[in-house]
Amino acid sequence: MRLAIIGQGLSFAAMIVPIVLGRFDALALIVLSSSISVVVYGWLSFSFPALYPVARGPRAALVSLIASHWPVLIGSAALVVGGLSVPDRDQSVILLASFAMLAGLTLYNIAMSEAVRTSDIVRINRIRLSYGAGNFMLTVAASLFWSDERALVAASAAAFLIASMPELARDVLRVRDRLDAISVKEVVAYNGQNAAAAVGRGFSTLAFQAGNLALGGLGGAAAAWAVVLRIAGGFSTVGQQVAAPAFEMRFAAALREGRFPDAQKVQLYAVAAGGAIGLAACVAVVALVHFSDASGQVVGLGYYSFLAASTIYALFVGSASAVTKNLVMAGGQNIFLALSITKLIVLAAVIYLVPVGDRILMLALTEAGFQLIYISVCFLSIRNLQVSEMAPAE
């Protein structure tokens, strides 16, 4: 865990370096290309990081790997073809940068998901530390010595490769002889069975982006709320990248082996850890709002209203940060799809229908409500999975 925390700290430092050095051109490109790569991966990967760890048996795991990534390969090819064919240079750079980020993200997720599946905490910590150290050193070098706007994209993509390739090289040698045994029929069947998880992850990604897009309609409150989103998002990342893998590997093992009470217990611990992260995020947000007098930037909201919205948002985003994959892992793909679509619709309604003065508080309450529902149905899905597996076969 200590190595993972160090790695996360180095990743955070890598975020700060371009700002300190004034590399805002390169920063804009990596933010945009990273967002595109996350959306593309979310839509095309069939929720691989959640489903792969709970696949039962080596053959099922290999089917999950293949079925989840042939759409990603097509999406990657589309980005390359688009980047090479569009006449506008700026569009070409964005598409090719998005491809580089997508390739790195894909390999990183495969390596991390394999570590979670095999309950290898040493490997998880090694990947996080390798990525953090590589990202920090390459970002510093790119920011100082490479004036091109693509510098940070190259640094980040290379950091993904540094963290994932040594791990994946061993995995390839282990599974290459079994690839021919996987049929197209198995792959197509997997895609059909998990379509809800794929679409749900896509809508969930869009819902997350919708929260960021809401900044454009907040007027004078946008700057202060953007900082709150940044802080809450940073703590959520700590939950997802540092705390969650340790719980996910035990959760996945319990589900694969039919130890459902143990799965409930692991999830309870994960929610408690997320709650602690949420409380820490609240403290950070309160300190920020107080010392920066952020409420003075908010149109139509007083100090305490903005403070309440900020703390509610930070608390519940942090509380669910260690269980973001659990619902799909526990077989709740259809529920996850319904929740993701509903959340996107409600957020859109809040953004377009609620007056600016009430919008921040409503965004925070919407996030809190859906996170509570999500955590609740995670527990219900484990119960439903237990009941379905105990039911006698017809």
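This text goes with the structure placed above it.
Residues numbered from 1 in each chain as written. Predicted model: local features only at pLDDT ≥ 70, side-chain atom pairs only at ≥ 80, totals over all residues. Heavy atoms only, no water.

Caption draft 1: Representation of the overall build of the protein chain within the structure. Scanning the protein chain from terminus to terminus reveals 15 helices and zero strands. The burial tally for the protein chain puts 49% of its 394 residues in the buried class. Residue pairs at least 24 apart in sequence account for 81% of intrachain contacts in the protein chain once pairs closer than 6 positions are excluded. Carbon and sulfur atoms make up 70% of the accessible area of the protein chain, which amounts to about 17700 Å² in all. (Helix = DSSP H or I, 4+ residues; strand = E, 2+ residues; numbered from the N terminus. Buried < 20%, exposed > 50% of the residue type's maximum accessible area, 1.4 Å probe, protein only. Contact = heavy atoms within 4.5 Å. Areas by Shrake-Rupley, 256 points an atom, 1.4 Å probe, with all protein chains shown as cover.)

Caption draft 2: Here's a closer look at helix H4 (residues 58-85). In this model H4 runs 40 Å from its N-terminal to its C-terminal C-alpha over 28 residues, within 8% of the 40 Å that 1.5 Å per residue would give. At His 69, H4 is bent by approximately 30°, the largest bend along its length, and proline Pro 71 sits one to four residues beyond. (Expected span 1.5 Å × (residues − 1). Bend = angle between axes of the 7 residues up to and from the residue.)

Caption draft 3: Layout of unusual backbone geometry. One non-glycine residue, Phe 46, lies in the positive phi region at around 55°. Structurally, Phe 46 is set in the loop between helix H2 (24-44) and helix H3 (48-51). Backbone geometry at Ser 47 places phi at a positive 50°, although glycine is not the residue there. The residue Ser 47 is located in the loop between H2 and H3 in this model. Given a relative accessible area of 2%, Ser 47 falls into the buried group.

Caption draft 4: Focus on the nonpolar core. In this structure, Phe 251, Leu 255, Val 323, Leu 327, Met 329 and Tyr 374 are the most contacted members of the largest nonpolar core, which totals 39 residues. Where this core is concerned, the elements lending two or more residues are H3, H4, helix H8 (184-193), helix H10 (222-256), helix H11 (260-292), helix H13 (326-329), helix H14 (333-353) and helix H15 (356-390). Other than its neighbours up to four places away in sequence, Val 323 contacts Gln 267, Ala 270, Val 271, Tyr 374, Ile 375 and Cys 378. Core analysis: the next-biggest nonpolar cluster, separate from the first, contains 33 residues, Ala 26, Val 93, Tyr 108 and Ile 124 among them. (Core = buried A, V, L, I, M, F, W, Y, C linked by side-chain atoms within 4.5 Å.)

Caption draft 5: The arrangement of a nonpolar patch on the surface in detail. Taken together, Phe 12, Met 15, Ile 16, Ile 19, Val 20, Leu 21, Leu 144 and Phe 145 make up a surface patch of nonpolar side chains, about 800 Å² in accessible area. Broken down by element, the nonpolar patch gets its largest block of residues, five residues, from helix H1 (residues 2-20). You can see Val 20 is positioned in helix H1. (Patch = residues over 30% accessible without salt bridge, like charges linked within 9 Å, V, L, I, M, F, W, Y side chains within 5 Å. Salt bridge = Lys/Arg side-chain N within 4 Å of Asp/Glu carboxyl O.)

Caption draft 6: Representation of the packing of helix H5 (residues 89-117) against helix H6 (residues 121-145) in the model. Close contact between H5 and H6 brings their axes to 8 Å; oriented N to C, the two are set at 155°. As the angle between them shows, H5 and H6 are arranged roughly antiparallel. Residues Tyr 108, Ala 111, Met 112, Glu 114, Ala 115 and Val 116 of H5 lie in contact with H6, whose contacting residues are Arg 123, Ile 124, Ile 127, Arg 128 and Tyr 131. Partitioned by chemical class, the residues of the contact of H5 with H6 number eight nonpolar, no polar and three charged. (Axes fitted to C-alpha atoms, helices over the stretch in contact; angles between N-to-C directions. Parallel < 35°, antiparallel > 145°, perpendicular 65-115°, else oblique. Nonpolar A, V, L, I, M, F, W, Y, C, P; charged D, E, K, R; others polar.)

Caption draft 7: Geometry of the pattern of salt bridges. As enumerated under the stated definition, the model contains nine salt bridges in all. Ionic pairing is found between Arg 150 and Asp 148, a salt bridge with its closest N-O pair at 2.8 Å. Under the relative-accessibility criterion, Arg 150 is labelled partly exposed at 39%. With a shortest N-O distance of 2.9 Å, Arg 259 and Asp 262 are connected by a salt bridge. Look at Arg 259 and you get partly exposed, because its relative accessible area is 31%.

Caption draft 8: Broad picture of the environment of Ala 159. If you trace the backbone, Ala 159 turns up in helix H7 (residues 151-175). Judged by its relative accessible area of 0%, Ala 159 falls in the buried class. In sequence terms Ala 159 and Thr 139 are 20 residues apart; their C-alpha atoms lie 9.1 Å from each other. Setting aside its immediate chain neighbours within four residues, Ala 159 contacts Tyr 131, Gly 134, Asn 135 and Leu 138.

Caption draft 9: Region of interest: H14. Between its first and last C-alpha atoms H14 spans 30 Å; for 21 residues at 1.5 Å apiece the expected length is 30 Å, and the two agree. Of the residues making up H14, those classed as buried are Gln 333, Phe 336, Leu 339, Ser 340, Lys 343, Leu 347, Val 350 and Ile 351. An end-on view of H14 places all buried positions within 115° of arc, on one side of the element. Looking at H14, the residues exposed on the side facing more than 90 degrees away from the buried face are Asn 334, Ile 345, Tyr 352 and Leu 353. (Arc of directions from axis to C-beta.)

Caption draft 10: Structural context of the packing of aromatic side chains. What the rule picks out here adds up to five aromatic pairs. Both rings, one in Tyr 108 and one in Tyr 131, keep their centres 5.6 Å apart while their planes meet at 55°; by these two values the pair is tilted. Placement of Tyr 108 in helix H5 and of Tyr 131 in helix H6 is noted, with a sequence separation of 23 residues between them. The same class applies to Tyr 108 and to Tyr 131, which are both buried. An aromatic cluster is built from Tyr 108, Tyr 131 and Phe 160, whose rings are joined through pairwise contacts. A cation sits over an aromatic face here: Arg 117 above Tyr 52, 5.7 Å from the ring centre. (Phe/Tyr/Trp six-rings, centres within 6.5 Å; stacked < 30°, edge-to-face > 60°. Lys NZ or Arg CZ within 6 Å of the ring centre and 35° of its normal.)

Caption draft 11: Representation of the packing of H4 against H5 within the structure. Here H4 crosses H5 at 170°, and the two axes come no closer than 8 Å. One way to sum up the angle between H4 and H5 is to call them roughly antiparallel. Along the contact surface, H4 presents Pro 58, Ala 61, Leu 65, His 69, Val 72, Ser 76, Leu 79, Val 80, Gly 82, Gly 83 and Leu 84, while H5 presents Ser 92, Leu 95, Leu 96, Ser 98, Phe 99, Leu 102, Thr 106, Ile 110 and Arg 117. The residue inventory of the contact of H4 with H5, partitioned by class, reads twelve nonpolar, seven polar and one charged.

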